[in-house]
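Residues per chain, in single letters:
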Amino acid sequence: MVKINRPVGQDAGPTGNQRADVIAVQKLLNACIRTITPLRLLKEDGKIGPMTINAISTFQQRVVRLARPDGRVDPGGKTLDHLNRTAGPAGASTGAGGAFAPRAKTFKQRLDALIADIRSTHKMTMRIDPGRTVEWQQKHHVAHMFLYNKYKSHKPANVESGKRTIAWSHLSDPKVRWERVDWKDFLRTKANEVPVLEGTKWKAGHEPEEAATRTNAKAIQKAGGIGSGGAAMVSSGLKPCGEPCKCSAGRSKHLDSKAADLNTTDLATLGTKLKAAKAGSIDDYLKKFGLHRPLLHHPKSPESWHVEALPDAKL
Ligand SMILES: [Zn+2]
Ligand SMILES: [Zn+2]
């Protein structure tokens, strides 16, 4: 049980809001972050401010169910009691009595609980790498559909004869509309330059060439870290994809906040800490929060950082 000596929060009086007490409350609130989403994790800096007060009020409203939340935590009071019970014995969101129950929780709630627990139990901040944009998804989707197309279920509307890839005649057609992919990034001339459009036709001597475009597409895939050889598949950002392939490829989970990429450096640090604490593997830990790494063992593009919600049936 975490104790405080003086009141913390709004109207805490002249002797309230002492640094150590404020830090204790901030740690407890962070350990309970799943109950006060979408509020963000607090800086555990011992300084009282609108963020911490708002977090206290929100917790009082949602968990303590006070009719009039006052934004203050008193020593031995109701709010502190609830914070301790919700946070669990070690001020963490895991452990006997305070275990996080991932069933029926959203991906976002699971991820927030994981991050809060990493902070409170393992004393580190797990960063989330910026999400992939629709443009990023589309660029790599088209490169894949043009070069390899390993999708079983997605077939381009205009296939190269005898293959499952986008027909070059279609891809290089100046009348084809690209929704999110900039053809200037993609198509290349024989001289490896960006083609030039004159009205609705390619300018003579500046038209796209297949081999050069193919080389460029491979470079795009490699630069994006799409599998070691650039051959892996990427879900499209649009549904249906809307690009020159006109396939019906599924939308990326990243774009609907159903997947996140953990920072690889932080992930490695976490693995080391879990090992040192004899606390099991990263995957055991993720499972407690109803999360998993579905692409960890993917043969073409293993992704140790990509996290999604584990289906409830597998919990
Ligand atoms: Zn497509
Ligand atoms: Zn990912």
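Keep in mind it's a predicted model, so treat the numbers as computed, not measured. (Residues numbered from 1 in each chain as written. Chains lettered and ligands numbered in written order. Predicted model: local features only at pLDDT ≥ 70, side-chain atom pairs only at ≥ 80, totals over all residues.)

Participant: Let's hear about the pairing of strand S6 (residues 259-262): which residues, and what values?
Facilitator: In the sheet, strand S3 (residues 128-129) pairs with S6 via 2 bridges, with the strands oriented antiparallel. Each bridged residue has a counterpart across the sheet, and for Ile128 the counterpart in S6 is Leu262. By the bridge criterion, 3 bridges tie S6 to strand S8 (residues 306-309) in an arrangement that is antiparallel. In the sheet register, Ala259 faces S8, and the bridge partner there is Glu308. (Pairing = 2+ DSSP bridges. Helix = DSSP H or I, 4+ residues; strand = E, 2+ residues; numbered from the N terminus.)

Participant: Give a description of the environment of Asp284 that names residues and reports values.
Facilitator: Relative to the helices and strands, Asp284 is located in helix H10 (residues 282-288). Asp284 gets classed as exposed once you count the C-beta atoms within 10 Å, which come to 10. On a C-alpha basis, the gap between Asp284 and Gln18 in space is 38 Å, while along the polypeptide they are 266 residues apart. (Buried ≥ 20, exposed ≤ 12 C-beta atoms within 10 Å, placed from the backbone.)

Participant: Got a sec to walk through helix H8 (residues 210-223)? Specific residues and values, please.
Facilitator: Residue pairs three or four apart in sequence face the same way in an α-helix, which turns once every 3.6 residues. Taking 1.5 Å as the rise per residue, H8 with 14 residues should run 20 Å; its terminal C-alpha atoms sit 20 Å apart, in good agreement. Here H8 has its buried residues at Thr213, Ala217 and Gln221. Buried residues of H8 fall within an arc of 80° about the axis and therefore sit on the same side. Counted as exposed and oriented over 90 degrees from the buried face of H8: Ala211 and Ala223. Of the surrounding elements, those touching the buried residues of H8 are helix H5 (134-147) and helix H7 (183-186). Gly225 sits one or two residues past H8 and shows a positive phi near 70°. (Expected span 1.5 Å × (residues − 1). Arc of directions from axis to C-beta. Contact = placed C-beta atoms within 7 Å.)

By themselves these figures say nothing about function.
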